[in-house]
Amino acid sequence: MSAVFQNSTIGALIKDESFSGTLQNVYQFQPQLNFLEKYWAAWYVYMNNDVLATGLMFFLLHEFMYFFRCLPWLIIDQVPFFRRYKLQPTKIPSAKEQWHCFKSVVLSHFLVEAIPIWTFHPMCEKLGITVEVPFPTLKRMALEICLFFVLEDVWHYWAHRLFHYGAFYKYIHKQHHRYAAPFGMAAEYAHPVETMTLGFGTVGMPILYVMYTGNLHLFTLCVWITLRLFQAVDAHSGYDFPWSLNKFLPFWAGAEHHDLHHHYFIGNYASSFRWWDYYLDTEAGPEAKAAREEKMKRRATRRVKKTI
Ligand SMILES: [Zn+2]
Ligand SMILES: [Zn+2]
């Protein structure tokens, strides 16, 4: 019996042959649950196998959310009106490039990501990641997700910076840099070693968090992974609009930040935020280079003055 209800007799009462029947029973016997909690509970009770229910849900969530978020960018690339917002306006991805990328990403999803997804639930159980309804409060989920964004960004900055050194770049990260002008779907176009290493930032950070706190809900993880996928696809979109998030949150990286990384192959290593590159002098692009040189000049002059 599923662990979605603390009291297993509720699960037994709700179970039906069909998903719609199970859902109807949830509506009847658990009316206090919200809309999403009802579907969540019905899914786990209907599947009657939490390992399969979590594995299948994560795999489908990943596929759906990733390609769903890529779709608007595919359309925008075909509309000349949006060219004015394209960061590298002369470089529109061809259908051939997009098709190659699509095939490679789907293959990688099945080969590299399918196995961890299927073994995820047993690990969740061990760590104390719960599937129970009701979900945690919105405030708690929002705080946890903000923390995951910050932690993932730390991991991503250092791992990505390492991937730009010698053999790491040549044998692993070079694949991701095939597209100097990236597009949405290129977000997960990467060598399997890179997918797993950078994926640790997304999945491993919540694991470290639950190891420390002993408390995390799987639904929070679903929302976090969805938002992280959106962030990655948007950062590769190649478009910077007047209404992009970085215009309202100046420390948010966005497409403008990551597009420069693909253009110049160096600098702007962080994923979501600008602070690591700013404070560690690794910002990409000619403007950042000029600012860096100016800063170094000022420092040198100050040092000379001190010694005089
Ligand atoms: Zn890179
Ligand atoms: Zn990239």
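Model, not experiment: these values are computed from the prediction.

Enquirer: Just to check I follow, could you spell out the overall build of the chain for this structure?
Expert: On a plain count of helices and strands, the chain comes out with 14 helices and two strands. Projected onto its principal axes, the C-alpha coordinates of the chain cover approximately 80 × 50 × 40 Å. For the chain, the proportion of its 308 residues judged to be buried stands at 33%. Partitioning the contacts of the chain with sequence separation of at least 6, the portion at a separation of at least 24 is 62%.

Enquirer: Explanation requested: the UniProt feature "domain: Fatty acid hydroxylase" (unreviewed entry) in the chain in the structure shown.
Expert: UniProt annotation of "domain: Fatty acid hydroxylase" (unreviewed entry) refers to residues 146-282 when read in the numbering used here. Annotated as 61% helix and 1% strand, the span residues 146-282 places its first and last C-alpha atoms 24 Å apart.

Enquirer: Teacher, can you tell me more about the environment of Leu-221 here?
Expert: You can see Leu-221 is positioned in helix α10 (residues 218-235). If we skip the residues at most four places from it in the chain, Leu-221 touches Ile-129, Pro-206 and Leu-216.

Enquirer: Would you mind going over the confidence of the model for the chain with me for this structure?
Expert: Close inspection of predicted coordinates is inappropriate in any region flagged by low pLDDT. In this model, the chain carries an average pLDDT of 91, and 100% of its residues clear a pLDDT of 70 or more. Across the chain, element-level confidence peaks in helix α7 (residues 138-162) with a mean pLDDT of 97 and bottoms out in helix α14 (residues 286-307) with 80.

Enquirer: Would you mind going over α10 with me for this structure?
Expert: One turn of an α-helix holds 3.6 residues; hence residues three or four places apart share an orientation. Over its 18 residues, α10 runs 26 Å from end to end, which matches the ideal 26 Å to within 8%, given 1.5 Å per residue. Turning to α10, its buried residues are Leu-218, Thr-220, Leu-221, Trp-224, Arg-228, Leu-229, Gln-231, Ala-232, Val-233, Asp-234 and Ala-235.

Enquirer: I'm lost on unusual backbone geometry in this one. Help?
Expert: In most cases, non-glycine residues show a negative phi, while peptide bonds are predominantly trans. Along the chain, Val-133 connects to Pro-134 via a cis peptide bond; the corresponding omega equals 0°. Structurally, Pro-134 is set in the loop between β1 (129-130) and α7. Although it is not a glycine, Phe-265 adopts a positive phi angle of roughly 65°. If you trace the backbone, Phe-265 turns up in the loop between α12 (254-264) and α13 (275-279). Of note, Asn-268 is a non-glycine position whose phi angle comes to about 50°, a positive value. Turning to its location among the elements, Asn-268 is positioned in the loop between α12 and α13.

Enquirer: I'm lost on the nonpolar core in this one. Help?
Expert: Looking at soluble globular proteins, one finds that nonpolar side chains tend to be buried together. Of all hydrophobic cores here, the largest spans 27 residues; its most connected members are Val-4, Ala-41, Ala-42, Trp-43, Tyr-44, Val-45 and Ile-129. Those elements giving two or more residues to this core turn out to be α3 (35-47), α4 (50-76), α6 (120-127), α9 (192-213) and α10. Formed by 23 residues, the second largest nonpolar core is a distinct cluster that contains Tyr-66, Tyr-157, Phe-183 and Trp-276.

Enquirer: Mind showing me how you'd approach the packing of α7 against α9 here?
Expert: Their axes nearest at 9 Å, the elements α7 and α9 cross at an angle of 140°. Considering the angle they form, α7 stands oblique to α9. The two elements α7 and α9 cross, and the hand of that crossing is right-handed. Contacts between α7 and α9 involve Leu-147, Phe-148, Leu-151, Glu-152, Trp-155, His-156 and Ala-159 from the first element and Thr-197, Leu-198, Phe-200, Gly-201, Thr-202, Met-205, Pro-206 and Tyr-209 from the second. Class assignment for the residues of the contact of α7 with α9 results in ten nonpolar, four polar and one charged.

Enquirer: How do you make sense of the packing of helix α2 (residues 19-29) against α3 when you look at a structure like this?
Expert: When two helices pack together, their arrangement is given by the angle between the helix axes and the distance between those axes. In contact at an axis separation of 9 Å, α2 and α3 are set at 130° when each is read in the N-to-C sense. Put simply, α2 runs oblique to α3. Here the hand of the crossing between α2 and α3 comes out right-handed. Of α3, the residues touching α2 (which contributes Phe-19, Thr-22, Leu-23, Val-26 and Tyr-27) are Lys-38, Tyr-39, Ala-41, Ala-42, Val-45 and Tyr-46. Here the residues of the contact of α2 with α3 are counted per class, giving nine nonpolar, one polar and one charged.

Enquirer: Which parts of the structure should I look at to understand the environment of His-262?
Expert: Within the secondary structure, His-262 sits in helix α12. For His-262, a count of 22 C-beta atoms within 10 Å gives the class buried. Along the primary structure His-262 and His-173 are separated by 89 residues, whereas in three dimensions their C-alpha atoms are 12 Å apart. Those residues in contact with His-262 that sit more than four places away from it in its chain are His-177, Tyr-179, Ala-180, Ala-181 and Pro-182.

About the thresholds
Residues numbered from 1 in each chain as written. Chains lettered and ligands numbered in written order. Predicted model: local features only at pLDDT ≥ 70, side-chain atom pairs only at ≥ 80, totals over all residues. Helix = DSSP H or I, 4+ residues; strand = E, 2+ residues; numbered from the N terminus. Buried ≥ 20, exposed ≤ 12 C-beta atoms within 10 Å, placed from the backbone. Contact = placed C-beta atoms within 7 Å. UniProt positions renumbered as here; feature names shortened; annotations may be inferred. pLDDT = per-residue confidence, 0-100. Expected span 1.5 Å × (residues − 1). Core = buried A, V, L, I, M, F, W, Y, C linked by C-beta atoms within 7 Å. Axes fitted to C-alpha atoms, helices over the stretch in contact; angles between N-to-C directions. Parallel < 35°, antiparallel > 145°, perpendicular 65-115°, else oblique. Left-handed = near helix turned anticlockwise from the far one by under 90°. Nonpolar A, V, L, I, M, F, W, Y, C, P; charged D, E, K, R; others polar.

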